Each structure stands twice: as C-alpha cells, then as structure tokens.
Amino acid sequence: MNKALIFVCALVIGISILGFSDHTLKVDFNKVGTKISPTLFGIFIEDINHAVTGGLYAELVKNSSFEYSDPMDGWTINTYGSGITAEVASKTSTSINDVNPNYFSVKIPVNGEWAELSNSGYNGIPLEKGENYDLSLYAKTQNSTNTIHVSLETSNGKICAEGEIKNIGSVWKKYQITLTSSMTSDDGHLTLKFDSVGSIYLNMISLLPSKNFHGMRLDLVSMLKALNPGFVRFPGGCFVNGNTLSNAFNWENSIGPHTDRPTTMDFWGYDQSYGIGLYEYLLLCEYLGAQPVFVINPGMSWQGSKDVQIVPLQDMKKWVQSALDLIEFADGPATGTWGSVRASLGHPKPFDLEYIEVGNENVGQDYYERFELFQRAIKAKYPQIKLIFSVGPNHGGSQFDNAWDWAKEHGVDVVDEHIHATPDWFLTHTGRYDSYNRKGPKVMLGEYAAQTWDKQSTLGAALAEAAFMTGLEKNSDEVIMASYAPLFNRAGWSQWAPDLIWFNGTRVYGTPSYYTQVLFAENRGDVVLPSSVSDNGYAEQGKGYKHLYCVASYDLKGRDIIVKIVNPWPNTEKCRIDLEGNPPLTGNGQSIVLTSNDPVVSHIPFHGRINSVNTFENPTHVAPITKKLTGLSNSFIYTFKAYSLTILKIGTEGISEEDEK
Ligand code: AHR
C-alpha cells in the first residue's frame, strides 16, 4: 500500500472510531468511586454588604430602635408650630429597657401644631400595589386621646396607604396595624404624624412586608432555596470576630423579642440590629433542608488588628459555657434550660445540629489553647458534635501549615480553609485535594471565590470556580463542605465584591457564579464515577491548564449518570463520551449549559477574558439552558461550547440493590 492510501485508511478508521472528536471522555460505570458528601455544596451567610441588615432581614425601617451610632440615622423630623419638641431621648425612667434605652419623644404644646417623623429605609421603602405591610411600634403617652396618623407615601408625597393608631396608654405597649399599598413605588417612605396636644414616646418602629419568612425577604430566601444548600455556615466571617470583643456576634443577644435585642456596630462598618438572630437562622436552615454550621467566637477579636483582644484563659469558662448553651438551645430537649427557651419560641423539636465551628480565620498558639478548651468541654458533653477548626485567612504558608499540623495532632474533626484567589489560580489548582491525607481531619472550604482583577462576577470567574469544584466533588470523601463567599451584596451599600447574589429594594439577581453553585448542588450525584479525558493538556502562558475539566457521578434516586464538564477556553471541544461498563441506558438525557455569546473582551490574562456578567437590567444574561437529549448510547459525541459549563445527565434504567451497596 502506498503511503497516501495508508493515510486515507487510517483517517477513515479514525473517523469511525473517534468520529472526528478532539478528545475522548471515559466514564467508568463499573468502578464506584468516592461517596459524595450530601453537605458538599452549602452557603455562607454573613452580614457584610448589608446582606442581612437592609437585606435578608425584611425590615423596611432603618434604625427602628433609634440605637444606631447616630440615633436619628434614617429618620427625618418635620414640625409645624413654635413650641414643639421632637427628639431622641435616652436612658430615662421612660426607656423601654436597658438594652434599647433610646426612644423618640414628641411634645405638642398647642392645638393646631403638628410634627412628622419619616423613615425612607435604605434608599427608599419599596411598596407594591395591593401588598400588605405590617406596621408595629411601641408607644406610650401622658394623654390618652393621643393618636398617631400613619401613612406610606411615594417620594413626591402621594399617599399609598394610611391608618391611625389610637387610644395609646400610659405604659409601653405594642401597637400594630396593617397597611395595603394602593401604588407601586420603589422609593417610598413611612410617615408618622402627631397632632394631639401632649407628649408621646415611641420605640421599635417596624414596617415589614406581610409576606415574609420569619422576618426574611421572600425573594432572597427563594434565591437561597434554589441553591439547594447542604449546609449553612453563619453568622460570619469577621462579623463573628468583631473589631473588638464588644461587637463580636453574641447569640444570646440575638434571640427573643426584638425589644430585647441590642444594636451593635457591624464589623463591616454599619449598624446592625440582630433582626435575624440564631433562632431565625436555624429556622432558615430547616426550611432549606441544610445542616446549620454556627461559627462561635473563640474569645478573640479579629486577629488582623494590632489591638486584638484575647480573653485570658482563666476567664474562658463563660465563653465555653456559651457554646454549650448554644448547642443545648439548638439540640437539647424541650424541657432543658435552653431547650425550653427554644420551645417557648415555637420549636420544641431539636434542630439536629451536627457541627459547630470555633473561630473564624483564627490562628496561632492563643487560638489553639482556646480551641482546646471548647473541644474538651463540647466533646465531653456532646460527643456527637463535630468541631470545625480554623486555619487562618490564607490557603498556604507557614501559619496555615502549622495550624494543619496542630489540627492533625489534636484530633480535630474538620478544618476550615478559605481561598480568595484569581481565576487563574483556581484553574491551575483543581487537584489541590487529591493528595490530602484521608486519615486526618476533613475539610470545610468555608469561603472561596475567584476574584478578577476588577472584582467583577464574570462568566470567566464562574467557570474557574466550576473547574475547581470538579476537584471538590472528586475529593468529597475529604472535602465535606464548601461555600462561596460572600453570599449577598446590596447594590450601593457594599464593602466587598465579588459576591454571589446582588439585590436592591425590589430586585435581585444571581451572578454567573450563582448559577455555577446552583448547577453543582442541583446535580450532585451520590457517588463519583472514575473519569478521564484524553489529550487533556492545555498550555498557555507557560502554564499547565486542562482542555476540559470534568467530574462524573451517579445519582441513585434519579438514576442518572451526571457528567460535569468545564471548557473555559475560546474553542469548542468535540468529545466522544465513552461510558464503560455497559450502563443500562434509557437513551434519554439532558444537557444543561451555562455560557454566553458575548464577544471576548480581552484575551490575556485569563481572568480578563470572559467578561459576561448579569445585571439588574439583564439578570439572566448568563443563565443555564436545559435541552433534552435522545438517542444516547454508551459511546456518543458531544460538542462542548467555548466558555461553558455543561452538565450532561444520562438516564439509566437504574442499578440493582446489590450494586447500590
Ligand atoms: O467573605 C468575606 C470575609 O472574608 C469574611 O468575613 C472573612 O472570614 C474573610 O476574610
């Protein structure tokens, strides 16, 4: 045979075997790999970027209790008359309690005079036509004929709803009224008008949309529900550390009536009110079907400060007791000291806490000594609770290594790593956990996000995270939990980007990274199936990337083989998918693709390349598209789009019970 003929024959054979594919992706249905942790993909809630205050907490009034650093923050006063006094008073015998000593006081001396107190929330109170709003306030007066006229108005004074609170008594009492808005406005305000002669005192002025989930915004809660989280890490972050111990999150202050919850300066520089406290977070976890992972302060303020405060070891008893009490509050019998408090709030059934994290990004000897105190006490009383240990803010380096060594030597259950790095880093470290020692502590990747140079939540960043997440899923025997950070950002009120979910008063959208998280969590299999891609080296800028990043798994209930493939590059990749081990296919399946058709903005560096983003105007510009697949066989060709995350769900007839074991 001449050379040309040999070449043509080889080509023909090549076409029929490979079907012109660029790669072969093999999935082995015969070999069951790692079991995938049901808690693998979770969420991390911290009050940063007004995530909770002015965010998840549906309260529309800013500074309900007049306790913010500026007691009149959020409020404006209008008066008509000469002798009126309208001001915040504090710490008098008239205060509602010692926790919330400030209150608003207005005195009208003469008939015909009046005063108005208005609040426009966070950039205006959003009102929707036909929706109900529950106004509540505490009031008392020295004049029993006193009346408060309440109204919801647009920014240019059009009345959307009005009502009256009458017959106010001489002791503090809660008054409530429901207002129905006749108009839609995203920059409304609440106005309280006083025109009766006499003095009136007010506190805890609250306006909540009647439709809420235990005080939480429904639109934001449903964004969380769609994330299908296996766990919720809360309530921080540095928010737990506090700038000093005085503003570290204190769970005891966060339960019970709002009148008993103090306001503190949030670590991130704004006032917060404990509107969503431990109990509400636990209810949220229950609703989401997620394991609660509470982070408790270890007796140390934020270690990034040169003025870090550390509780002396001999005074740590109270801090350790607080952790034990918290576990009892969440998990104890309804008859116990703290379990009965939970029951009195309406939840006699325990919340089934399995984990508690002691510290956030803490490191060093001081931390180790304090962690050990918690470890000893918690394990003695609640041996079933797993403790999570922090290894600092960095994902490498001597502090990190020392902390890991300490964790291994001291029988730590789970270590919390945090990774904020470039998209490039995520693409080149997908095998990070391959070599972790399975005999040591498990890993919770409690915070991670790919950060572009301009902190944009781009498709490029989302794909880099997705590539990394294929490595998390493959190593899910070691990495049992992972959550993106931060979760929320209120536009115009932020301290940190990128974030997963952006919102304002009326709208919300998920970034491309949000959809990556949704897709991984929604399509998490039960066991990993070994997989490999041929000719998978992709060299650029002298770095060893992969053409395609992939993980395969099997979903026992849905009976699907699930293959997740990330192609972060400009070329489409044609791939033969070989399912080895003869899985009994139905022939049907689905492809779910996250990509965009935007022109490439810049080529190098990687993180500047795919700038597609979602916005309020175009919230699903980058969002998954699902298509049916038919005629699937154990060897088929699929072309992966440029810049895409693809989930292939390949239906099977199921496996026998024997195999299932
Ligand atoms: O996710 C934002 C911050 O990043 C967290 O508060 C902190 O733990 C980390 O440094």
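Our subject is the structure that appears above.
Residues numbered from 1 in each chain as written. Predicted model: local features only at pLDDT ≥ 70, side-chain atom pairs only at ≥ 80, totals over all residues. Heavy atoms only, no water.

Student: Account for the sheet that holds strand 8 (residues 132–141), with residues named and values stated.
Tutor: Backbone hydrogen bonds are what pair the strands of a sheet, in a parallel or an antiparallel way. A sheet is described by the order of its strands in space; here five strands give the open sequence 4-5-13-8-11, paired in antiparallel fashion. Bordering the open sheet on either side are strand 4 (85–90) and strand 11 (173–180), each of which pairs with just one other strand. Ignoring which end each strand starts from, the neighbouring axes of this sheet average 35° apart. Of the strand pairs in this sheet, strand 5 (residues 102–108) and strand 13 (residues 198–209) are connected by five bridges, and their pairing is antiparallel. The residue of strand 13 that forms the bridge with Ile108 is Gly198. (Pairing = 2+ DSSP bridges. Helix = DSSP H or I, 4+ residues; strand = E, 2+ residues; numbered from the N terminus. Axes fitted to C-alpha atoms, helices over the stretch in contact; angles between N-to-C directions.)

Student: With reference to specific residues and values, describe unusual backbone geometry.
Tutor: Backbone torsion omega between Gly236 and Gly237 reads 20°, so that peptide bond is classified as cis. Of note, Gly237 is situated in the loop between strand 14 (231–234) and helix 4 (238–241). Here Asp352, not a glycine, exhibits a phi torsion of approximately 60°, which is positive. Along the chain, the position of Asp352 falls in the loop between helix 7 (339–345) and strand 18 (355–358).

Student: Help me get a handle on the packing of aromatic side chains, residues and values and all.
Tutor: For the coordinates displayed, the defined rule picks out 43 aromatic pairs. A centroid spacing of 4.9 Å and a plane angle of 75° characterise the contact between Phe267 and Trp268, whose relative ring orientation is edge-to-face. Across the pair, Trp268 and Phe267 agree in class, each one buried. Plain terms: the ring middles of Phe488 and Phe503 are 5.8 Å apart, the flat faces sit at 85° to each other, and that makes the pair edge-to-face. With Phe488 in strand 23 (residues 488–490) and Phe503 in strand 24 (residues 501–503), this pair connects stretches of sequence that are 15 residues apart. Assessed through its relative accessible area of 1%, Phe488 is described here as buried. Under the relative-accessibility criterion, Phe503 is labelled buried at 0%. Among the aromatic side chains, those forming a connected cluster through ring pairs are Trp404, Trp425, Phe426, Tyr433, Tyr436, Tyr448, Phe468 and Tyr484. Its end group placed over the ring of Tyr287, Lys225 keeps NZ or CZ at 4.5 Å from the ring centre. Just above the ring of Phe44 sits the side chain of Arg233; from NZ or CZ to the centre is 4.6 Å. (Phe/Tyr/Trp six-rings, centres within 6.5 Å; stacked < 30°, edge-to-face > 60°. Buried < 20%, exposed > 50% of the residue type's maximum accessible area, 1.4 Å probe, protein only. Lys NZ or Arg CZ within 6 Å of the ring centre and 35° of its normal.)

Student: Go over the packing of helix 3 (residues 218–226) against helix 5 (residues 278–288) with me, naming the residues and quoting the values.
Tutor: Running from N to C, helix 3 and helix 5 cross one another at 50°; their axes reach a closest spacing of 10 Å. As judged from the angle between their axes, helix 3 and helix 5 are oblique. Seen from above, helix 3 lies across helix 5 with right-handed handedness. Between helix 3, through Val221, Leu224 and Lys225, and helix 5, the contact on the second element is made entirely by Leu284, Tyr287 and Leu288. Across the contact of helix 3 with helix 5, the residue classes break down as five nonpolar, no polar and one charged. (Parallel < 35°, antiparallel > 145°, perpendicular 65-115°, else oblique. Left-handed = near helix turned anticlockwise from the far one by under 90°. Contact = heavy atoms within 4.5 Å. Nonpolar A, V, L, I, M, F, W, Y, C, P; charged D, E, K, R; others polar.)

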